[in-house]
Every structure is written in structure tokens, then in C-alpha cells.
Amino acid sequence: MTETADKGGYQTGYDFVVVANRLAVNRITHHDGSIGWQRSPGGLVTALAPIMSSSEGAWVGWHGAADETLEPFDHADMHLHPVALSAQEVEDYYEGFSNGTLWPLYHDVIARPLFHRHWWDAYQKVNRRFAEGAAKVAAQGATVWVQDYQLQLVPQMLRELRPDLRIGFFNHIPFPPPGLFAQLPWRHSVMKGLLGADLIGFQRESDARNFQRAVRYRLGYYIRSDQVHVPLEDDGAEAPFEGFHADPARGTASRQLSAPAEGTFRRSEAKAFPISIDTERIVELSNDPKIIARAAQIRAELGNPETIFLGVDRLDYTKGIRHRMKAYEELLQEGRIRAGEHTMVQIASPSREGVESYQRLRDEIELAVGRINGEFDTMGHTAIRYLHHSYPIEEMVALYLAADVMLVTALRDGMNLVAKEYVAARKDGTGVLVLSEFTGAADQLRQALLINPHDIDELKAAIVQATTLDRENVRKRMRSLRRQVVSHNVQRWAEDFLDRLGQL
Ligand code: F6P
């Protein structure tokens, strides 16, 4: 911390500030009924918490409850600055624009994105509140790292408020191909919002390229070696659209073939930084005798089947849960999978329950599970053990250890950290990962059984193959997968991003 001012009883002047839709803590109710906070279990918090405490960092985010204003507070060495959202803003900014417009649009339009002007108004208003929150607490010349699609306007807003800051942005979800992104009525504002950052990180190379292409075709900005040349004077005019197929690399049309003159632009770099997990923590848990015993107990409770298939997802239409169920049901019908010999455990953690498409999906999945179990369960065995709960990481690792085959069948996924956690937990080299090629993780986990989840026959073949692969093949694949996950943990991801941001 370089300076300490007192603004209404809390400190400002932090050298490192994270801005994310959610704060790094969850509210919990203790056994005695008292209320407290618990550090969020996700990898992002794990990666950034040590940096926050060593560099006097602050975290600006929403605390998860509507219509409640909280004062800044400290928890577990972190300085937390809550951003208040009204119930109407939760509906319009979070459930509406973030999860009813951007989420489906950025995930290949698997569900239909809804474009409502009042949602956009709320998105702008709330993004400004986050930007103001960060501007207020950041020290002169501080580094501010903005997270994810809910806050794409924050980099530009923050730069206007505080041109002295070094600003990074990381998009945790995919960035869509320019032809899909073009549907967004506010596409120019979103691109300009992001370009307020000095460094814009994406999960995959293809996400970074999609963004660069959208910027080139729609804004007409010059781009070289991942660096977008953002004009200092923006005349507000939109560049004439030249078509999505204009590709300078192939010698076709490009709006601006030569670099603008020095001094007329600033650089914003758009590049891939694939996120990972807290590998050491998962490995440590997988060595814990209590967790190993719990894994054996899970197997026993399921009747010790030969093969346990596991799916772990937020209950989200991007995860391909229905496709997985369809493949599994057909295999049961064909007698290639049998309840008793085989069991599928599907953890579907509750998510975004205020959004209609999520409510519909839950109904569809629960109907399918009921139908499949009704037809194929026996008195002693279940075809699918479906659990609509969230579990602590200890239970998740026990499940990873209990499962012979992990099924990740997302139709589109920025990364999919469950795939990486499964691999990290399988340190004895057993276990098969069936992985959708439409996840960011598939770019790194090449030795998984890669599948196209839309191709139900291919998915069925991979599920069966996973049960018949010989031991040496399984080990060879898992060894190679583990090398990737062990050498690329989330701490390294954060370091790589922040090092690059520091160089710009
Ligand atoms: O993948 C994007 C993401 O925002 C994650 O960061 C988060 O864990 C998940 O989606 C669920 O987000 P939320 O419950 O905040 O909508």
C-alpha cells in the first residue's frame, strides 16, 4: 500500500485491486446461528489471495444479496469492498444482461440470447458503480485486474476515471466468433469497454482471435502481434463494415493496412492465458486418508459397480447434460451398459435459478433422470444417481477418486476446471477422461478421449471405450494429462498474466 487515506472509516490506496462480479467470500450461518464469511472455494480466489495479502490488495465485488449495503471489511487477509445491487439490478444486470444476453451469445447461441434495452441500461449503470468502486480504492499507478463478462465496460470506465492505472481484464468464458458477436446491439460499446484494458486475457487462442477479428472488422483498428492500436482521439464514427471474411493474413480486404502514426494511439494487448486449478490442493486432498476412505464408502454405497461414470456440472444448458443422458439412456436400452455393473453419478449444482432457461433445463433433466431410472433401476441398483446440490471440495475429490470415468460433455465451455481437477486427483494414473472438444480444456488435455457431444453415436462409443481401454493405455493417457495439469496451475496462470501486464 503506497498511501492510506481515510474515506468514511476504511482504507484506500491499494496497489493491487481485483474487480469481480462476486466478492471473494461467501456469507455463511454458523451452528450457533451467527453470521460469518468464508473464503470462496474457487481457483480464482485461491490464486489471487496470496498476491492480495503480499501486495496489500483489495477485492471489489458484489456480496451476493440484493438491496443490502455493506461497509468494507477484512476477512482472511483480504480487504473486501462490497458493491451494492438492488433487487431490480440483480434482475436486469445479473440475471438479465449478463446471463440472459451475454452468456448465451458468448456460448455459441446454444440458448437464444435476449436483447432488452433496459437490461443494457442496468449493465452500464452497474459497471460504472464497479469502476467507481475500484477507482476509489486504487493507489496512484496501481494494478487493477477486472474479471469476466459481467464487467466488460469497467476497463474503459476506469481508464477515464483513473488514467494512471495499469488495467488488466480476463474473460473466463468464450469470446464468440465475430458473426455471432455482431448480433449484440451494443457490440461497439462492449469492444471499446474491453479495450480500456492494457491487457485483455482470454481462455483460448481462438477466443483472442475472435475478439481481434471483431475489433478489426467492426472498429477498423490496426492490430499487430496481438496488440490493438486504440486511437487516442475517438471521433465516435463507426468504421464501415467490410465483412467477416476480410482476412488480411490471406491478402483479402482489410480496413487499415498500415500502422497509425506513433502518438495517435495506445496499445491494448489481446492474448490467451488458459486458466487452471489449484493443483497442489487437489493432490493433497487426494492423499488424505479420510478422503480416500470416503471414496471407498461412495463406491460401496452405490453397490460396488464395476464402473462409475461421473458428471459434475453447474446446472447449465452449456454443459451438455442432456446429451450425456441421451447417450447413456441409449446405451442402457441397447444393453451395452447395465445398472448394477455401471452407475452414473450426476452432480448438478444449483445455478442462476432466477433465469427462466435454467428453470426449464432443470425440469427437462429431472424428467429424463426420472424416466431413465424408472425404466432401468433395480431394487438394489440405480442407473443414474442424480444430486442437485453443491458439495465442498473434500467431497468432490472423494467423488473424483471414486469415479472410473469422468464425463465432460459441454457444448461450449470457456475452460472446464472439473476436467482438470479430475486429472489432478488421479495421481495413481488410473481413470479415464471423456472430454468435449468444445471446452477450453481440450486445447491442453489432448490425451483425453475427445468427443463431439452433438454426435451421440461418437459419445456412446467413447463411453463404452472408456470401460474397455487396457490398463497401459489408461495409464499412458493419464500420465500425459497429469503432466499438463501439474505444470500449469492457477498460481502460474495469475503470475503469467500479471507479469505480462507489468511489462506493458
Ligand atoms: O464461468 C463464469 C462464471 O461466472 C464463474 O466465474 C462462476 O463460477 C460461474 O460462472 C457461476 O457464476 P454465478 O453463480 O456468479 O452466475
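Please read these numbers as outputs of a predicted model, since none were measured by experiment.

The next point concerns the packing of helix α10 (residues 321–333) against helix α14 (residues 456–468). Orientation of α10 relative to α14, taken along the N-to-C sense of each, is 65°, at an axis distance of 9 Å. In terms of orientation, α10 and α14 fall into the roughly perpendicular class. Of the two possible hands of crossing, α10 and α14 adopt the one that is right-handed. Listed contacts from α14 to His 323, Arg 324, Lys 326, Ala 327, Glu 330 and Leu 331 of α10 are Ile 456, Leu 459, Lys 460, Ile 463 and Val 464.

Take helix α6 (residues 187–194) next. Summarising burial for α6: six of the eight residues are buried, a large majority. When α6 is considered as a whole, its buried residues turn out to be His 188, Val 190, Met 191, Lys 192, Gly 193 and Leu 194.

Turning our attention to the confidence of the model for the protein. Reading fine detail from the predicted coordinates is not recommended where pLDDT is low. Looking at the protein as a whole, the pLDDT averages 93, with 93% of positions reaching at least 70. Taken together, the stretch residues 248–254 has pLDDT below 50 and engages in ten contacts with residues farther than four places along the chain or on a different chain.

Time to look at the sheet that holds strand β9 (residues 138–147). Pairing is mixed in the open sheet, where ten strands are placed in the order β7-β8-β6-β3-β9-β10-β11-β14-β13-β12. Of all strands in the sheet, those with a lone pairing partner are β7 (73–75) and β12 (223–224), marking the two edges. Sheet topology note: the strand β10 (residues 166–170)/strand β11 (residues 199–202) ladder contains three bridges and is parallel. By the bridge assignment, Gly 168 is partnered in β11 with Leu 199. Lying over the sheet, helix α4 (residues 154–161) contacts β9, β10 and β14 (265–272), oriented at roughly 170° with respect to β10.

Working note: regular strand, side chains alternate between the two faces of the sheet. Along β9, eight of the ten residues are buried, which leaves the element largely enclosed by surrounding structure. Here five bridges tie strand β3 (residues 14–22) to β9, and the two strands are oriented parallel to one another. Paired with Val 17 across the strands is Val 144, a residue of β9. Pairing of β9 with β10 involves five bridges; the strand directions are parallel. Bridge pairing in β10 places Val 146 opposite Phe 169.

A few words now on the sheet that holds strand β19 (residues 432–436). Read from one edge of the open sheet, six strands run β17-β16-β15-β18-β19-β20, paired in parallel fashion. Unpaired on one side and paired on the other, β17 (384–387) and β20 (449–451) mark the two borders of the sheet. For this sheet, the mean inter-axis angle between neighbouring strands, taken without regard to orientation, is 20°. Strand direction decides the pairing type here: β19 and β20, joined by three bridges, are parallel. Bridge pairing in β20 links Ser 436 to Ile 451.

The phi dihedral of Asp 67 falls on the positive side, at around 55°, and the residue is not glycine. For Asp 67, a relative accessible area of 58% gives the class exposed.

Next up on the list: the environment of Tyr 217. Examined against the element boundaries, Tyr 217 turns out to sit in helix α7 (residues 205–219). In this structure Tyr 217 comes out as buried when scored by relative accessible area, which is 4%. Distance in space between the C-alpha atoms of Tyr 217 and Pro 178 is 8.5 Å, their sequence separation being 39 residues.

A word on the domain arrangement of the protein. According to the domain assignment, the protein contains domain 1 (4–82 + 128–175 + 183–275 + 492–503) and domain 2 (279–488). In this complex, domain 1 contributes nine residues to the contact, which on the side of domain 2 involves twelve residues. Per-residue buried area on domain 1 facing domain 2 is highest for Arg 204, Ile 275 and Arg 492; these three make up 55% of the total on that side. In this structure, the connection of domain 1 to domain 2 is made through zero salt bridges. Connecting domain 1 to domain 2 are three residue pairs in polar contact (both at pLDDT 80 or more). Looking at the side of domain 1 that touches domain 2 residue by residue, the classes come out as five nonpolar, two polar and two charged.

Conventions we followed
- Counting starts from 1 at the beginning of each chain's written sequence and moves along it residue by residue.
- Totals for whole chains, interfaces and linings use all residues, but because this is a predicted model, local features are given only for residues with pLDDT of at least 70 and pairs of side-chain atoms are given and counted only at 80 or more.
- Water and hydrogen atoms were dropped before computing side-chain values, which therefore reflect all heavy atoms in the structure.
- Lines fitted to the C-alpha atoms define the axes, with helices restricted to the stretch that makes contact. Angles between their N-to-C directions range from 0 to 180 degrees.
- Where helices and strands are cited, they refer to DSSP runs of H or I of at least four residues and of E of at least two residues respectively, numbered from the N terminus.
- The scheme is simple: roughly parallel for angles under 35 degrees, roughly antiparallel for over 145, roughly perpendicular for 65 to 115, oblique for anything else.
- Crossings are assigned a handedness: left-handed for a near helix turned anticlockwise from the far helix by less than a right angle, right-handed for a clockwise turn.
- Note on contacts: a residue pair is in contact if any heavy atoms of the two residues lie within 4.5 Å.
- Burial classes: relative accessible area under 20% of the type maximum marks a residue as buried, over 50% as exposed, and values in between as partly exposed (1.4 Å probe, protein chains only).
- Confidence scores per residue from the predictor, reported as pLDDT, run from 0 to 100.
- Note on pairing: DSSP must find at least two bridges between two strands before they are called paired.
- The start and end points of each domain follow an automatic or database-based domain assignment.
- The term buried area denotes the loss of accessible surface (1.4 Å probe radius) that occurs when two parts are joined, taken as the sum for both partners.
- Throughout this description, the term salt bridge denotes a Lys or Arg side-chain nitrogen within 4 Å of a carboxyl oxygen of Asp or Glu.
- The definition of a polar contact used here is a pair of N or O atoms within 3.5 Å, where within protein one atom must be able to donate a hydrogen and the other to accept one, and adjacent residues in sequence count solely through side-chain atom pairs.
- Throughout this entry, Asp, Glu, Lys and Arg are counted as charged residues, while Ala, Val, Leu, Ile, Met, Phe, Trp, Tyr, Cys and Pro are counted as nonpolar. The remaining residues, Gly among them, count as polar.

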